[in-house]
Amino acid sequence: MPDQPPSTHESALVGREENLALLQRFFDASTSGKASGGSLLLVGQPGVGKSALLDAAAAAARASARVVRAAGVEFEADFSFAGLHQVLLPLLDHLLDLTDHHRSALSVALGLSDGMPSGRLVVAAATLALLRSAAAYQPLMIVIDDLAWLDRPSTQVLGFVARRLEGTRVAFLAALRSGEQSYFEQAGIPLMQVRPLDESTSAELVRRTFPAIADGVCRRLVAESQGLPLALLELARELSDAQQSGVESLPKTMRLGRELRTIFAARVTTLNEPTRRLLLLAALDGGGDLRILRQVDDGRDDDALRAAEQARLISVDTESHRLVFAHPLIRAAVVALATAGEQRAAHRTLADLFGDDPDLHVKHLAEATTEPDEEVAAALERAAYRVLGRGDPVAAVTSLLRAAELSAAGADRARRLRQAAWIGADVTGALGDVASLLAQAQRADPFPESSLATAVLAAFVLLNGDGDVDTAHRLLVTALQVTEPSDVPARILDEAVHTLMMVCFVGDRADLWRSFDLVLQRFGSDLAPIQTVAATTFGDPHHSGHDTLARLDQIIARLHYETDPAQIVRVGIAANFVGRVEGCRNSLLRVVADGRRGGAVASAVTALLMLTDDEFLAGRWDAARRLAGEGIALCDEHGYPLLAWPGRYALALIAAAEGDDELSKALVAEMLQWAVPRGASIVATYAHHTAGMAALGRGDGQEAFGLLAFVNPPGVFGSREAYALWTMLDVVEAAVRSGHRDEAAVHLAAAVSGNHAAISSRQAYLCAGAAAMIADDQHAPGLFDRAATMVEPHQWPFERARLELAHGERLRRLHLVTAARVHLRTAVNVFDQLGASPWAARARTELQATGQRRRSGADDASELTPQEHQVAQLAASGMTNRQIGERLFLSPRTVSAHLYRTFPKLNVTTRAGLRDALQKQVESSD
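The shown structure was predicted, so the numbers you read here are calculated from the model rather than taken from an experiment.

**So, the overall build of the chain**
Along the chain, the regular secondary structure elements total 47 helices and seven strands. Relative to its full complement of 926 residues, the chain shows a buried share of 56%. By sequence separation, contacts in the chain at least 24 residues apart represent 69% of the contacts at least 6 residues apart. Accessible surface, the chain as shown: approximately 38500 Å² in total, 52% of it carbon and sulfur.

Set out below in structure tokens:
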């Protein structure tokens, strides 16, 4: 905004001395010294004086710094990088200072040149480099008003920049209305609250600006304005001299609120037609281009501009050489006052004016068009893909939807609707919108020539609705069978094959995967490298050879430079079963952050749930719960039930490990209820694995083995059974604890034969632990020790504690009690830290059985041997002799002998009496 005349400007700043001093300190700290640079947000309600403070800060800064002004414009909020263009346009003479990579990224993003678009992160880094370069010559101050109305790509880039200005000599100052939603990332940026004036200061402002005003009138204005300077001054200006002096009575109602715009509108209506036309053109343009002046009254623009300036509505900013409104509400009032016909005529004029800018030209042309027009629709479609290339899929969807409205032919309308649905499916996160768009496309053209993109979207909608896996699979396979690689863009082919892979994973059946293998054979050479890698590392990780894993590692190494959320997530998916998600962690966090700011929601959900798994394996279960909860909430909000199940599965596993049987069973029931009718076998697998782990935790080896053998039959690591990698140790442990040692040995042999240890360090550790579990007494201790050397203290704590428990149990059975205690104490400590209560209780029982008890017992109980005490506790819990034997590696006959000796020692005759006797022993020890 331009500087106002001194008297008015000074009046608007009455009572703002503290704010002005703070702004001066901010500017001084941000632009002096090598380590300077900083950001500040002014926050306050409309009319409180934020714009006046920005003007004052800019005016003061011009004495020693270069000042760049920009403002958000409601009518440009969907125009990609319009705000960034305002900020950087005065600085483009520094483009040559940048690297080729950064110069190209900014040139393409701002529409200055054609070329391959760069990701948002690259554009942000290039913007920061440009600002740093400009500030090297002279300190720089960026001032932005109405930040919330900047377009989303600009706010995301500027949010990135504003948090990284240390050492740049750049001061970033912006204003934002209280409570207003914005894509600007405010985290870590200091805020300055601009509060309403108190009564005495409000009165001082009125009297300084209008010295002749009567006291009663002043009090009325102060009461009506509620401390808002803009309201105070504009209400006073609406009064005649007689009303200000108290000679004439005041209006009965003067409340501002929604009427402030009415005040501005009333001021507009008093102007002649050329001046109103000038204001409308400036309001709809948003950029303040001075060429607008030549479009008014046959080029005689002086009178129109002079009239608008005298009405204190608009002026020419001498610094930026742009038309600027005195307040954003004026722009809104001007547009609201114009008829639909007047607005269309203005847009048509602007379309002609900006004929050299294809994006601006078609934007205004589309607004001026009411009837179907294929030429305009085609231009909008081309503009949509230019915008998409600059990294703004939301604006691309908006353009495609408008292009569909203007399409003359049903087939063209349907194609554009499908394209909008395609782009919007991941970004908007609203599957209902996708389904609606597909239905509209179907009505416009029931027999589309190309159905691959439609099949992908329909499959996604089906799987997240009431559809089933087989129908989704059939849709995709049929569409792929009639598609040639040259028929569709490469990105659609990749998406189709990726979606089919996920459908096969969810269905978890060999016949589904056979169709996928045929598709892969046909299109393999036409697919992106990550898709061909994922087909093995995710779809069939048992056969992930050295070359495939090396290719994946190379892709992960370059992931830092990837900015497309969908691509980052696909790399994470490829890394999932082969133990490489940790290498993708930072990039996945970027996807999550983008989703939280309103970016790609579906990608963010998948990233959240992959990070949940990583946190679970790392033993950070509270963090896993938080991430899973956030992912599930997003799925519930946007209608992605299928994507939510990995999160619910993680919560169920944690609940099972912690002994929360009620929650674990409830989640298992939900999984089965949802999965079975839809043929989503992988979700049923989640349910059985959870139930099996709950049984294993409470020491019920027989039940655990039955459930886990259903998930993964011993000795079977078939093609496309990716999940079996994660459950290998669980199946072996359940088999050993239930007396199925032969089945455990067969299962491990199959893993060794498949060279699972070469897939990842975690798989190598699990294979080593499983080998120790099934080894004979002579070799087991050494194998457990060997497995322990393969893991760092912080790695995979749950599995590590389980192996420590198994090691201690084996040593105790070999009567090596001192050594056993070391491992059992470790198991107790780790399980306690995790909150794995059932496992910790089992480890404590084993530790007590070595003769180390937490409390000394009563005389009668102290006569029990450690083994007898352990058997008595398990019998008191209700376990049968067989179950006790499985837990303690004893025969049922040996258990019976222990109980035979225990009963008389405790003076009981039944198992029911054991509980009371042991409880009395605990109470007496207390």
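**Here's the deal with the sheet that holds strand S5 (residues 191-193)**
Strand order in this open sheet of five strands is S2-S3-S4-S1-S5, and the pairing throughout is parallel. Where the open sheet ends on each side, the last strands, each with one partner, are strand S2 (66-71) and S5. Averaged over all pairs of adjacent strands, the angle between their axes in this sheet comes to 20 degrees, without regard to strand direction. Both S2 and strand S3 (residues 140-145) contribute to a ladder of six bridges, which runs parallel. Looking across to S3, one finds that Ala70 is bridged to Ile144. Relative to S3, helix H6 (residues 120-137) is tilted by about 130 degrees, and along the sheet it contacts S3 and strand S4 (170-177).

**A look at helix H40 (residues 797-813)**
A rise of 1.5 Å per residue sets the reference length of H40, with its 17 residues, at 24 Å; its end C-alpha atoms lie 24 Å apart and thus fit the reference within 8%. For H40, the buried fraction is high: 16 of the 17 residues fall into the buried class.

**Focus: the pattern of salt bridges**
Considering all chains together, one arrives at 37 salt bridges under this definition. Glu204 serves as the salt-bridge partner of Arg208, at 3.1 Å between the closest nitrogen and oxygen. Separated by four residues within a single helix, Arg208 and Glu204 lie in helix H8 (residues 199-209), roughly one turn from each other. Residue classification places Arg208 among the partly exposed residues on the basis of a relative accessible area of 47%. What makes Glu204 partly exposed here is its relative accessible area of 38%.

**Topic: unusual backbone geometry**
Notably, Asp508 is not glycine yet its phi reads approximately 55 degrees, a positive angle. Looking at where Asp508 falls in the secondary structure, it is placed in the loop between helix H24 (490-507) and helix H25 (510-523). In the Ramachandran plot, His815 falls in the positive-phi region, its phi being about 65 degrees despite a non-glycine side chain. Tracing the sequence through the fold places His815 in the loop between H40 and helix H41 (817-834). A relative accessible area of 69% places His815 in the exposed class.

**With respect to the pairing of strand S7 (residues 322-325)**
Pairing analysis gives four bridges linking strand S6 (residues 314-317) to S7, with the strands arranged antiparallel. Bridge pairing links Val316 to Leu323 in S7. Taking the residues that link successive antiparallel strands as the turn, the S6-S7 hairpin has four residues, and the phi of His321 there is positive, at about 55 degrees.

Parameters at a glance
Residues numbered from 1 in each chain as written. Predicted model: local features only at pLDDT ≥ 70, side-chain atom pairs only at ≥ 80, totals over all residues. Heavy atoms only, no water. Helix = DSSP H or I, 4+ residues; strand = E, 2+ residues; numbered from the N terminus. Buried < 20%, exposed > 50% of the residue type's maximum accessible area, 1.4 Å probe, protein only. Contact = heavy atoms within 4.5 Å. Areas by Shrake-Rupley, 256 points an atom, 1.4 Å probe, with all protein chains shown as cover. Pairing = 2+ DSSP bridges. Axes fitted to C-alpha atoms, helices over the stretch in contact; angles between N-to-C directions. Expected span 1.5 Å × (residues − 1). Salt bridge = Lys/Arg side-chain N within 4 Å of Asp/Glu carboxyl O.

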